[in-house]
Amino acid sequence: MKPKLNIKFFKKTNEIFPPTKKYIVIGICGSEGSHMHQAILRLAEHLFINSNCLDFRFLKTESRVLKAVASGAIDRGVIIFKKNANPVLKNKALEIITRFEMEIYQFAIIKNYC
């Protein structure tokens, strides 16, 4: 079962994933396989973007992602959106081009107590 997406704000697909670029370098606030990583893969799938065109950089922290986008080291960055407290809103060099939510599934592994 695929997690549901709820798109809150959206610019054109070709602005999020520019078709003129062979690869789009995306910085992730997290590690490989993290919720952030899964979220951008799910969004790409939803928009019919081939994930082989996405080159991920797992930058771990929000500040590293923001610095890398602002400097041009990466094309796009994925961070948690915190509404009014979001640093992107305060940084004139950065622009939010889409905002979305994705369902989170939580799992438990159990064993016999005895």
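Worth saying up front: this structure is predicted, and the values here are computed from it rather than measured.

1. Considerations on the overall build of the protein chain
Each helix and strand counted, the protein chain has three helices and five strands in total. The secondary structure elements of the protein chain, listed N-terminal to C-terminal, are β-α-β-α-β-α-β-β. With the C-alpha coordinates of the protein chain rotated into their principal frame, the extents come out at 60 × 30 × 25 Å. Here the protein chain holds 114 residues, and 31% of them are scored as buried. Within the protein chain, residue pairs in contact and separated by at least 24 positions form 72% of the contacts whose partners lie at least 6 positions apart. Accessible surface for the protein chain amounts to roughly 8,200 Å². Of this, 55% is attributable to carbon and sulfur atoms. Of the charged side chains in the protein chain, 19 are positive and 9 negative; the average position of the first set lies 4 Å away from that of the second.

2. Some details on the pattern of salt bridges
Taken as a whole and judged by the stated rule, the model has four salt bridges. Here Asp-75 makes a salt bridge to Lys-21, at a shortest N to O gap of 2.6 Å. One end of the pair, Asp-75, is in the loop between helix 3 (62-71) and strand 4 (76-78); the other, Lys-21, is in the loop between helix 1 (13-16) and strand 2 (24-28), and 54 residues separate them in sequence. Judged by relative accessible area, Asp-75 falls into the partly exposed class, the value being 21%.

3. Looking at unusual backbone geometry
At Phe-48, a position not held by glycine, the phi torsion is positive, near 60 degrees. Turning to its location among the elements, Phe-48 is positioned in the loop between helix 2 (35-46) and strand 3 (54-58). For Lys-60, which is not glycine, the phi torsion reads 70 degrees and is therefore positive. Here Lys-60 lies in the loop between strand 3 and helix 3. Judged by its relative accessible area of 48%, Lys-60 is partly exposed.

4. Some points on helix 2
Between its first and last C-alpha atoms helix 2 spans 16 Å; for 12 residues at 1.5 Å apiece the expected length is 16 Å, and the two agree. Summarising the contacts, the buried residues of helix 2 are in contact with strand 1 (5-10), strand 2, strand 3, strand 4 and strand 5 (98-102). Of the residues flanking the end of helix 2, it is Phe-48, one or two places downstream, whose phi is positive at about 60 degrees.

5. Section: the sheet that holds strand 3
With parallel pairing, the three strands of this open sheet are ordered in space as 3-2-4. If you trace the sheet from one side to the other, it starts and ends with strand 3 and strand 4, each paired once. On average, each strand axis in the sheet is inclined to that of its neighbour by 30 degrees, with strand direction left out of account. Of the strand pairs in this sheet, strand 2 and strand 3 are connected by five bridges, and their pairing is parallel. By the bridge assignment, Gly-27 is partnered in strand 3 with Arg-57.

6. What about the side chain of Ser-34?
With respect to the helices and strands, the residue Ser-34 is situated in the loop between strand 2 and helix 2. Residue class for Ser-34 comes out buried when judged on its relative accessible area of 17%.

7. Some points on the side chain of Arg-42
Summarising the element assignment, Arg-42 is placed in helix 2. A residue is classified by how much of its surface remains accessible, and Arg-42, at 15% relative accessible area, is buried. Not counting chain neighbours up to four residues away, the residues in contact with Arg-42 comprise Lys-2, Pro-3, Leu-5 and Met-102.

Cut-offs applied
- Residues numbered from 1 in each chain as written.
- Predicted model: local features only at pLDDT ≥ 70, side-chain atom pairs only at ≥ 80, totals over all residues.
- Heavy atoms only, no water.
- Helix = DSSP H or I, 4+ residues; strand = E, 2+ residues; numbered from the N terminus.
- Buried < 20%, exposed > 50% of the residue type's maximum accessible area, 1.4 Å probe, protein only.
- Contact = heavy atoms within 4.5 Å.
- Areas by Shrake-Rupley, 256 points an atom, 1.4 Å probe, with all protein chains shown as cover.
- Lys, Arg positive; Asp, Glu negative; His and termini not counted.
- Charge placed at Lys NZ, Arg CZ, Asp CG, Glu CD.
- Salt bridge = Lys/Arg side-chain N within 4 Å of Asp/Glu carboxyl O.
- Expected span 1.5 Å × (residues − 1).
- Pairing = 2+ DSSP bridges.
- Axes fitted to C-alpha atoms, helices over the stretch in contact; angles between N-to-C directions.

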